[in-house]
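Each chain, written out:
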Protein chains: 2
Amino acid sequence: MSEPIGNVLVAQGGGPTAVINQSFVGVVHEARKFAQVGRVYGAAHGVSGILNEDFYDLTEATTPNLEAVANTPSSGLRSTRDKPDVEYCREIFKVCQAHNVRYFFYIGGNDSADTCRIVHEESSKAGYAMRVIHVPKTVDNDLKVTDHCPGFGSAAKFVAQAFAGVNLDNRAIPGVYLAVVMGRHAGFLTAASALGRQYPDDGPHLIYLPERPFEKKRFVADVKKMYEKHGRCVIAVSEGIVDSKGKAIAAQFTGGERDSHGNVQLSGTGALGDCLATWVKEETGIGRVRADTFGYLQRSFLGCVSEVDAREAREVGERAVHFAVGHNLDGSVAMKRVGDYAIEYFLARLDQVARHSTEMPAKFINKDGNDVTEAFIKYARPLIGEIPHFERISAPKVKKILIRKK
Amino acid sequence: MSEPIGNVLVAQGGGPTAVINQSFVGVVHEARKFAQVGRVYGAAHGVSGILNEDFYDLTEATTPNLEAVANTPSSGLRSTRDKPDVEYCREIFKVCQAHNVRYFFYIGGNDSADTCRIVHEESSKAGYAMRVIHVPKTVDNDLKVTDHCPGFGSAAKFVAQAFAGVNLDNRAIPGVYLAVVMGRHAGFLTAASALGRQYPDDGPHLIYLPERPFEKKRFVADVKKMYEKHGRCVIAVSEGIVDSKGKAIAAQFTGGERDSHGNVQLSGTGALGDCLATWVKEETGIGRVRADTFGYLQRSFLGCVSEVDAREAREVGERAVHFAVGHNLDGSVAMKRVGDYAIEYFLARLDQVARHSTEMPAKFINKDGNDVTEAFIKYARPLIGEIPHFERISAPKVKKILIRKK
């Protein structure tokens, strides 16, 4: 190996997850073991902190502190919504050069992978030896190449446990209950609601995903049918559901506010859920209809982590360092599922992961487009780890006395 | 003791909690130990199941099943929103008589205590020996006499962990974040958001309770001030906040739908949060403003239980049986806090607990009416038990190179 002795820079971009700090701490711990690594820096607030040279010197962070941070949800370095263009990436490269950064790790989604791709191109053009690795994270599970993304398992566990709970609540006081779940284009997180089922008639009884067009008429008919069957109905709806023309249903109600990426704001508003509840009330006449929007709890709730997800998030962080520092490679760390269930880690090309995202494959969605398949359950179950056991009362019924007499 | 040999009937009323089944199982297990108890019945769907004689024979429930049910959130017997009048209570009494029920335990809030009061009066008038015990539960913590209510601690733990998480999220991607918390007239659960703070600048930075009038102008000024101070602002708002005339702020936005108790619907809609977010956006010009409404997760999320709360909920169930079967008494089981922190259990009169509810005492609310006091923290901390530890990165900053040069 003939890598130059240089420094490591790690940063976190995009929406936080419950285990994003596991990857971060994996990078830091592993990087500190290599002789060719000088200092290990962490940029505050993602790429924007790089431009501001706002760095922590993590060479001087303690192990107890780093381990506590690893177990803390949400980006410990803090994050950014900046989506760098070529000009921005040149500035990143300049700062890296000034600080003798030879290994850059960016933990994020497909936008962060694209930043890595451009920074890598710019440093290559300049003949500056710098390894650039994208470390995957997203609660939406919408990255290409990899079997699944760190961050998804814990968010999926939260959604599963939330639905297991509200299903028990709805069983105690029947009515229609619907909850809006995160996921702009990919329905994985909404689909995870199915993992909270245990008894055959447990909810969610209906699941609506962004991968299938959402029609009011069919929705209302579905709810009616389930309510007649079960005397109640629990529904999971993706915030990203679209009509037959691909237009977001939510855009009709939220005033169409756009975030810095030009996307219509979906999270942080209850408008979609409230509207769907109103549709059910008006069209079915059912009295008790309630809507919740899970919102930011899904990605940041303190104390709901999938142990599988935490382990894998740590692993991708450490692997990233092996690929870059040990093997002098650039790319995006990805996971391949083998057997039932083990993971092999490999390095995908940055341009394979950058920019574009994936959706739920058709085999995970039922024919009617209102539930998931067994194939999805088999795919997702190992990712969330154990969820708490719950049980119904199992006891014989008592013979009626007064009513029999009548 | 000269109690008649008779049967036990237990039921659950009102909104579920995470530990209401601990009390239920406490009653069942303890009742099955007494020789003067024949069968132990559980009514499905609260008082409405009594009228329908819809009983489980819990004498034949197994211990593993009962213990699993105890650890399951939401009323295992299922619940009702029925609020019985005298006529209804006479019907309850008739069914009890027909089934030789000599001990009736109703687990619920102040409405359930009132049901107990009336049923007790009716059975006394009829000269029918039946002990009636109210077993307290509520996430709102608004029962009279008792120091606090089983169910509150776990809901408070959920709210604390939720705010700890969204505070970390808001720190990673700054902006204004507000979340609406349950609690129609009492602010205890919203106040519990303060228990998620650890660092001096952790959110929630503002807490609005139903006990203090909510003014738009002061609210907007508070948010502006906190945003200027911290570069971000996390806010906890009770769903029950009212204007200076005592009118619910939420009533302006929810269309004023009323539940079966004649209360305006507050839960199961995101309208209040969305409106407050719009106020902040319009009046402050801050770009990133998000609102969540925690909704039903607060009382039913699977996997967020305060161990203290679970233990106390079990205890009130068992004590209820001792008071009724062992000592031939009627009343409402209550808790007295002694030392720091232990609980003594005693029996309050039913008419002391029935109908009326309490609010947060003034000493728990700060002068400005936008936060809690240390006295509240001291009161509430022991009730939620341990919450997960979280930590920030502790490492020195790196000297800037490029920016220094400029």
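Because the structure is a prediction, the values reported are computed rather than measured.

Further remarks concern helix H3 (residues 63-70) of chain A. One full turn of an α-helix is made of 3.6 residues, so residues set three or four places apart face in the same direction. Residues and elements named next belong to chain A. Taken residue by residue, H3 has Asn 65, Leu 66, Ala 68, Val 69 and Ala 70 as its buried positions. Packed against the buried residues of H3 are helix H1 (20-31) and helix H11 (307-326). The N-cap of H3, judged by a side-chain oxygen 3.1 Å from the amide nitrogen of Asn 65 a few residues on, is Thr 62.

Below, the discussion takes up the nonpolar core. Grouped together as the largest cluster of nonpolar side chains are 85 residues, with contacts concentrated most on Phe376(A) and Phe376(B). The element that contributes the greatest number of residues to this core is helix H6 (residues 152-172) of chain B, accounting for eleven residues. Contact partners of Phe376(A), with chain neighbours within four places excluded, come to Phe188(A), Ala191(A), Ala192(A), Met360(A) and Phe364(A).

What follows deals with the relation of the copies chain B and chain A. Once chain B has been moved 0.0 Å along the axis and rotated by 180°, it coincides with chain A to within an RMSD of 0.0 Å. What the rotation and shift describe, once combined, is the action of a two-fold rotation axis. Taking the C-alpha atom as reference, chain B places Gly270(B) closest to the rotation axis, 2.1 Å from it. Looking at chain B, 100% of its interface residues are interface residues in chain A too, so the copies touch through the same face.

Residue and element names in this part refer to chain A. Where strand E10 (residues 331-338) and strand E11 (residues 342-348) come together, seven bridges link them in antiparallel fashion. Note on E11: the bridge partner recorded for Ser 332 is Ala 348. Hairpin connection from E10 to E11: three residues lie between these consecutive antiparallel strands, with Gly 339 at a positive phi of about 60°.

Residues and elements named next belong to chain A. Within this structure, the stated rule accounts for 48 salt bridges over all chains. Here Arg 392 ties to Asp 201 by a salt bridge, and the two come within 2.9 Å at their closest N and O atoms. Placement of the pair is Arg 392 in the loop between helix H13 (374-384) and helix H14 (402-405) and Asp 201 in the loop between helix H7 (188-191) and strand E7 (206-208), with a sequence separation of 191 residues. We classify Arg 392 as buried; its relative accessible area is 15%.

Next up on the list: unusual backbone geometry. A cis geometry characterises the amide bond from Gly203(A) onward to Pro204(A), with omega recorded as 0°. Among the structural elements, Pro204(A) can be located in the loop between H7 and E7. In this structure, Asn328(A) is a non-glycine residue whose phi angle is positive, near 60°. Inspection of the secondary structure puts Asn328(A) in the loop between H11 and E10. The backbone of Val145(B) shows a phi angle near 70°, a positive value even though the residue is not glycine. Relative to the helices and strands, Val145(B) resides in the loop between strand E5 (131-136) and H6.

With that settled, the discussion passes to the side chain of Asp222(A). All names here are of chain A. Its location among the elements puts Asp 222 in helix H8 (residues 216-230). One buried charged residue, Asp 222, forms no salt bridge at all, with the nearest opposite charge on Arg 218 at 4.7 Å. Here Asp 222 is in contact with Leu 206, Tyr 208 and Asn 370, once residues within four sequence places are set aside.

Residues and elements named next belong to chain B. Taken in spatial order, the seven strands line up as E3-E2-E1-E4-E5-E10-E11 in an open sheet, and their pairing is mixed. The open sheet has two edge strands, strand E3 (55-57) and strand E11 (342-348), and neither has a second partner. Across the sheet, the mean angle from the axis of one strand to that of its neighbour is 30°, orientation sign disregarded. Direction of pairing for strand E1 (residues 6-12) relative to strand E4 (residues 101-108): parallel, over a ladder of six bridges.

Let us look at the interface of chain B and chain A. Interface size is commonly expressed as the accessible surface area that is lost when the partners come together. Between chain B and chain A, the contact holds 89 residues from the first and 89 residues from the second. Taken together, the connections running from chain B to chain A amount to four salt bridges. Between Asp54(A) and Lys397(B) there is a salt bridge, with the nearest N and O atoms lying 2.6 Å from each other. Our count for the chain B to chain A interface comes out at 42 residue pairs in polar contact (both at pLDDT 80 or more). Taken together, the elements giving at least two residues each to the side of chain B that touches chain A come down to E3, helix H3 (63-70), helix H4 (86-98), H6, helix H9 (271-284), strand E9 (289-293), helix H10 (297-300) and helix H14 (402-405) of chain B. Broken down by element, the residue count for the side of chain B that touches chain A peaks at ten residues, all from H6(B). For the side of chain B that touches chain A, the residue count by class is 43 nonpolar, 25 polar and 21 charged.

Looking at chain A, pLDDT values average 94 and 95% of them are 70 or higher. Note on the complex model: pTM 0.96, ipTM 0.95.

Turning our attention to the packing of H4(B) against helix H5 (residues 110-125) of chain B. All names here are of chain B. At their nearest, the axes of H4 and H5 sit 9 Å apart, and the two run at 65° to each other. The two elements H4 and H5 cross, and the hand of that crossing is right-handed. Residues Val 86, Cys 89, Arg 90, Ile 92 and Phe 93 of H4 form the contact with H5, whose own contacting residues are Thr 115, Ile 118, Val 119, Glu 122 and Ser 123. Classifying every residue of the contact of H4 with H5 gives six nonpolar, two polar and two charged.

Residue and element names in this part refer to chain A. Reading across the sheet, the seven strands line up as E3-E2-E1-E4-E5-E10-E11 and stay open at both edges, with mixed pairing between neighbours. Sheet topology places strand E3 (55-57) and E11 at the edges, where each strand pairs with a single neighbour. Pairwise comparison of adjacent strand axes, ignoring direction, gives a mean angle of 30° for this sheet. Contacts from H1 reach strand E1 (6-12), strand E2 (37-43), strand E4 (101-108) and strand E5 (131-136) within the one sheet, and its direction differs from that of E1 by about 175°.

Residues and elements named next belong to chain A. Structurally, the position occupied by Ser 23 is in helix H1. Within polar-contact distance, the side chain of Ser 23 engages the backbone oxygen of Ala 313 at 2.7 Å. In contact with Ser 23, other than residues within four places in its own chain, are Ile 107, Val 135, Ala 313, Arg 314, Val 316 and Gly 317.

As a further point, take the environment of Arg299(A). Mapped onto the fold, Arg299(A) is located in helix H10 (residues 297-300). Separated by 284 residues in sequence, Arg299(A) and Gly15(A) place their C-alpha atoms 8.2 Å apart. With residues near it in sequence (within four places) discarded, Arg299(A) still touches Gly15(A), Pro16(A), Thr17(A), Ala18(A), Arg81(A), Val139(A), Met182(A), Asp169(B), Ile173(B) and Arg288(B). Of note is the side chain of Arg299(A), whose polar atom sits 2.7 Å from the side chain of Asp169(B).

As a further point, take helix H5 (residues 110-125) of chain A. Residues and elements named next belong to chain A. The end-to-end C-alpha separation of H5 is 23 Å, in line with the 22 Å expected for 16 residues at 1.5 Å each. Here H5 has its buried residues at Asn 110, Ser 112, Ala 113, Asp 114, Thr 115, Cys 116, Arg 117, Ile 118, Val 119, Glu 122 and Ser 123. For H5, the secondary structure elements touched by its buried residues are helix H2 (46-51), helix H4 (86-98), E4, E5 and helix H12 (350-353). The positive-phi residue at the C-terminal boundary of H5 is Gly 127, with phi of around 70°.

Conventions we followed
- Residues numbered from 1 in each chain as written.
- Chains lettered and ligands numbered in written order.
- Predicted model: local features only at pLDDT ≥ 70, side-chain atom pairs only at ≥ 80, totals over all residues.
- Heavy atoms only, no water.
- Buried < 20%, exposed > 50% of the residue type's maximum accessible area, 1.4 Å probe, protein only.
- Helix = DSSP H or I, 4+ residues; strand = E, 2+ residues; numbered from the N terminus.
- Contact = heavy atoms within 4.5 Å.
- Polar contact = N/O pair within 3.5 Å; in protein donor to acceptor, adjacent residues only side chain to side chain.
- Core = buried A, V, L, I, M, F, W, Y, C linked by side-chain atoms within 4.5 Å.
- Least-squares fit on C-alpha atoms with pLDDT ≥ 70 in both.
- Pairing = 2+ DSSP bridges.
- Salt bridge = Lys/Arg side-chain N within 4 Å of Asp/Glu carboxyl O.
- Lys, Arg positive; Asp, Glu negative; His and termini not counted.
- Axes fitted to C-alpha atoms, helices over the stretch in contact; angles between N-to-C directions.
- Nonpolar A, V, L, I, M, F, W, Y, C, P; charged D, E, K, R; others polar.
- pLDDT = per-residue confidence, 0-100.
- Left-handed = near helix turned anticlockwise from the far one by under 90°.
- Expected span 1.5 Å × (residues − 1).

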